[in-house]
Amino acid sequence: MKIAIIGAGISGLSIAKRLSEKNKDFVIDVYEAAAKSGGRISSFDWRLQNKSIFSCDNGQHFTIGAYTDFIDLLNKCDALKYWSRHSFEWNLQRLQGDELQELLRFKIKYLALFKKKLVPYIKFIKSPTKLFFLKFYFSLFLLKKKHFNGHSLNHLYKNVFFSNTTINLFWKAFVENSMNTEFENSDLSILSFLVNECIKDIPNSLEILIPEADYYSCAIKPIERNLQQNGINFHFNSLVERIHPDKKIKCRGMLSHSYDSIFLAVPGHIAAKIWKKSGYPTTKESFLWENQKYRHILNMWIVLPSVQVGNNSNKKEKSFLWNPVEFKGSFYVVVIQKKTNQLNMMSIIRSACNSMTLGKEEENLYEFAQKFLNKQYSVDLKHLDHKLIRAKRATIACTHDQRNRSAIWSGTRTGIKDIYKCSDEASFNYPSTIEGAVKSGYFAAENIKRFD
Ligand SMILES: Cc1cc2nc3c(=O)[nH]c(=O)nc-3n(C[C@H](O)[C@H](O)[C@H](O)COP(=O)(O)OP(=O)(O)OC[C@H]3O[C@@H](n4cnc5c(N)ncnc54)[C@H](O)[C@@H]3O)c2cc1C
């Protein structure tokens, strides 16, 4: 059986892995437009002022313990050895007295309702972060009972459970970063699903996995190597223009042989373009790809001289500090990581940007970075190596106005026989994440029934 996979992002690599496990005799060709695999989790060579080259992630990525399929994939490809597990801490330290109390307080009258559910988790509660997640989970449980699904989070949390302080200090940053959708418009049921995934296996699920270098060398490259050892053929710099009706692929002006099955392992907006050029009729799936809503992510990388970091970097040895800071009404997540080559990398992330405000968001991010560096380290941004990455259409948005589930996720069918789809927007209920992308690859592979 001859199979073509279009796209060597993490979803494309996942289908390749799953298919090669099922049947060693499949002939699998992967076509990738770029010079290397990885797609949105690839890396670039950054030439620093001191002329050294640093391999830097395209954007700051987070992998949590709840990403079981991704972690399993790393394990199968002998890549888990490059990763370490850290406990995950929300930066609650700047909260004082009443503020902290309020953040952690449960409404007692509701406690009886979920006492039974709470008990198994009590023993794991060691930090305010975990207790807060539990409060979050059980609030969702209550909200569901009250049939509030389909409403925006803002509406619910303002009116039912959480104070403004809590919303501002936790919800906005958490929701915007986990769903890449602005807080005001995020869908509750999707968030509820996400939190369920996160707390299934507390505390493991809430731990954070950090690669010793960039994601490309610690995840993508080892997976690609494993696939090549299993006979999978990679064609880089091979942008697929169209698929012919006889299932040949047009690439670099040439036509391939016919394939039995083809997987579009690309995000919906790219699948829609290939679809149109191929002259296929509009199906309900291709209509969806054209109309999915996206959001952008801004990510600034800054190299901090080690002397500037001082004691802050030591914290990383034990736990991973996720530090959301509010500035001009937006949340910026600031992360400092010491890399194996001794570079102290700071990333400032602004998620959930839309096209209308992107320019303004960029200006604000520069201003925030400048002020933050001045305040924390008395150093000027212009004296440090820094780079702003604009990840346009970083992921789809999970907004509450898209009531019908199939208006958000594409699933793995395309409406045309033997052509399938995957990517981080194909797995129902999963916000666009690495885990969602890996799962979509696995689901898509299940469409091939002819296993020996
Ligand atoms: C800045 C940023 C930060 C993020 N942070 C996180 C995070 O913290 N945690 C998390 O879980 N997720 C995060 N994500 C999301 C995560 O990166 C994606 O969900 C995941 O990488 C998607 O993988 P994919 O294979 O579905 O798509 P892609 O990575 O987009 O892969 C598609 C591949 O197809 C190739 N391609 C496109 N067109 C063609 C063509 N015509 N022919 C051949 N090949 C083609 C592309 O070059 C690409 O390699 C982030 C994303 C961004 C952009």
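Parameters and conventions
Residues numbered from 1 in each chain as written. Predicted model: local features only at pLDDT ≥ 70, side-chain atom pairs only at ≥ 80, totals over all residues. Helix = DSSP H or I, 4+ residues; strand = E, 2+ residues; numbered from the N terminus. Buried ≥ 20, exposed ≤ 12 C-beta atoms within 10 Å, placed from the backbone. Contact = placed C-beta atoms within 7 Å. Core = buried A, V, L, I, M, F, W, Y, C linked by C-beta atoms within 7 Å. Expected span 1.5 Å × (residues − 1). Pairing = 2+ DSSP bridges. Axes fitted to C-alpha atoms, helices over the stretch in contact; angles between N-to-C directions. Near = placed C-beta within 6 Å. Nonpolar A, V, L, I, M, F, W, Y, C, P; charged D, E, K, R; others polar. Domains from an automatic or database assignment. Parallel < 35°, antiparallel > 145°, perpendicular 65-115°, else oblique. pLDDT = per-residue confidence, 0-100. Left-handed = near helix turned anticlockwise from the far one by under 90°.

(A) Examining the overall build of the protein chain more closely. Per the secondary structure count, the protein chain includes 15 helices and 18 strands. A burial count over the protein chain gives 42% of its 452 residues as buried. For the protein chain, the share of sequence-separated contacts (at least 6 apart) that also reach a separation of at least 24 residues comes to 71%.

(B) A look at the nonpolar core. Core analysis: the largest hydrophobic core is formed by 104 residues, its most contacted members being I5, I6, I15, A16, F263 and I348. Setting aside chain neighbours within four positions, we find A16 in contact with I5, I28, V30, L227 and I232.

(C) Layout of helix α1 (residues 10-22). Taking 1.5 Å of rise per residue, 13 residues should cover 18 Å, and α1 covers 18 Å from first to last C-alpha, within 8% of that figure. With 10 of 13 residues buried, α1 lies mostly within the body of the structure. If you check which residues of α1 are buried, you get I10, S11, G12, L13, S14, I15, A16, K17, L19 and S20. Summarising the contacts, the buried residues of α1 are in contact with β1 (2-6), β2 (27-31), α2 (68-76), α10 (215-229), β12 (261-264) and α15 (434-445).

(D) Examining the environment of Y332 more closely. With respect to the helices and strands, the residue Y332 is situated in strand β15 (residues 330-338). For the pair formed by Y332 and N177, sequence separation is 155 residues and the distance between their alpha carbons is 9.5 Å. Among residues more than four places away in sequence, those in contact with Y332 are V325, F327, I348, I349, R350, L365 and F368.

(E) Quick peek at the sheet that holds β1. Across the sheet, 5 strands lie side by side as β8-β2-β1-β12-β18; this open sheet has parallel pairing. In this open sheet, the two edge strands, each paired with only one partner strand, are β8 (233-235) and β18 (419-421). Pairwise comparison of adjacent strand axes, ignoring direction, gives a mean angle of 20° for this sheet. Sheet analysis places β1 next to β2, joined by 5 bridges and oriented parallel. Its bridge partner being in β2, A4 is matched across the sheet by D29.

(F) Spatial organisation of the site of the ligand. Close to the ligand lie 36 residues, the nearest being G7, G9, G39, G59 and T433. Elements with a minimum of two residues in the shell around the ligand: α1, α11 (268-278), β13 (294-304), β17 (386-396) and α15. Class assignment of the residues belonging to the shell around the ligand gives a composition of 20 nonpolar, 12 polar and 4 charged. Formed jointly, the shell around the ligand draws a minimum of three residues from each of two domains, domain 1 (2-75 + 215-292 + 405-445) and domain 3 (294-396).

(G) Summary view of the packing of α2 against α15. Axis separation between α2 and α15 bottoms out at 7 Å; the angle between their running directions is 75°. Judged by the angle between their axes, α2 and α15 are roughly perpendicular. Contacts from D69, F70 and L73 in α2 reach I434, E435, V438, K439 and Y442 in α15. Of the residues that constitute the contact of α2 with α15, the class distribution is 5 nonpolar, no polar and 3 charged.

(H) Quick peek at the sheet that holds strand β9 (residues 240-243). Spatial ordering of the open sheet is given by β9-β10-β11, a layout of 3 strands whose pairing is antiparallel. Looking along the sheet, the strands with just one partner apiece sit at the ends: β9 and β11 (254-258). Across the sheet, the mean angle separating the axes of adjacent strands is 25° when strand polarity is ignored.

(I) Layout of the pairing of strand β16 (residues 344-353). For β16, the buried fraction is high: 9 of the 10 residues fall into the buried class. Where β13 meets β16, 8 bridges bridge the pair, whose relative direction is antiparallel. Bridge pairing links V303 to M345 in β16. In terms of strand pairing, β15 meets β16 through 6 bridges, oriented antiparallel. What sits directly across from I336, in β16, is M346.

(J) Just the confidence of the model for the protein chain, in detail. Mean pLDDT over the protein chain stands at 84; residues scoring 70 or higher make up 77%. Low confidence marks residues 106-110, where pLDDT is under 50. Its contacts with residues over four positions away, or in another chain, come to 3 contacts. Note that pLDDT drops below 50 for residues 311-318; the model gives that stretch 7 contacts with residues more than four away or on any other chain.

(K) Examining the packing of α1 against α15 more closely. Interhelical geometry of α1 versus α15 gives an angle of 40° and a closest axis separation of 7 Å. What the angle tells us is that α1 and α15 run oblique. In this structure, the crossing between α1 and α15 has a hand that is right-handed. Contacts between α1 and α15 involve I10, S11, G12, S14, I15, R18 and L19 from the first element and I434, A437, V438, S440, G441, Y442, A444 and A445 from the second.

(L) Focus on the environment of I199. As for its position among the elements, I199 is in helix α9 (residues 188-199). Given 19 C-beta atoms within a 10 Å radius, I199 is considered partly exposed. Along the primary structure I199 and G65 are separated by 134 residues, whereas in three dimensions their C-alpha atoms are 9.8 Å apart.

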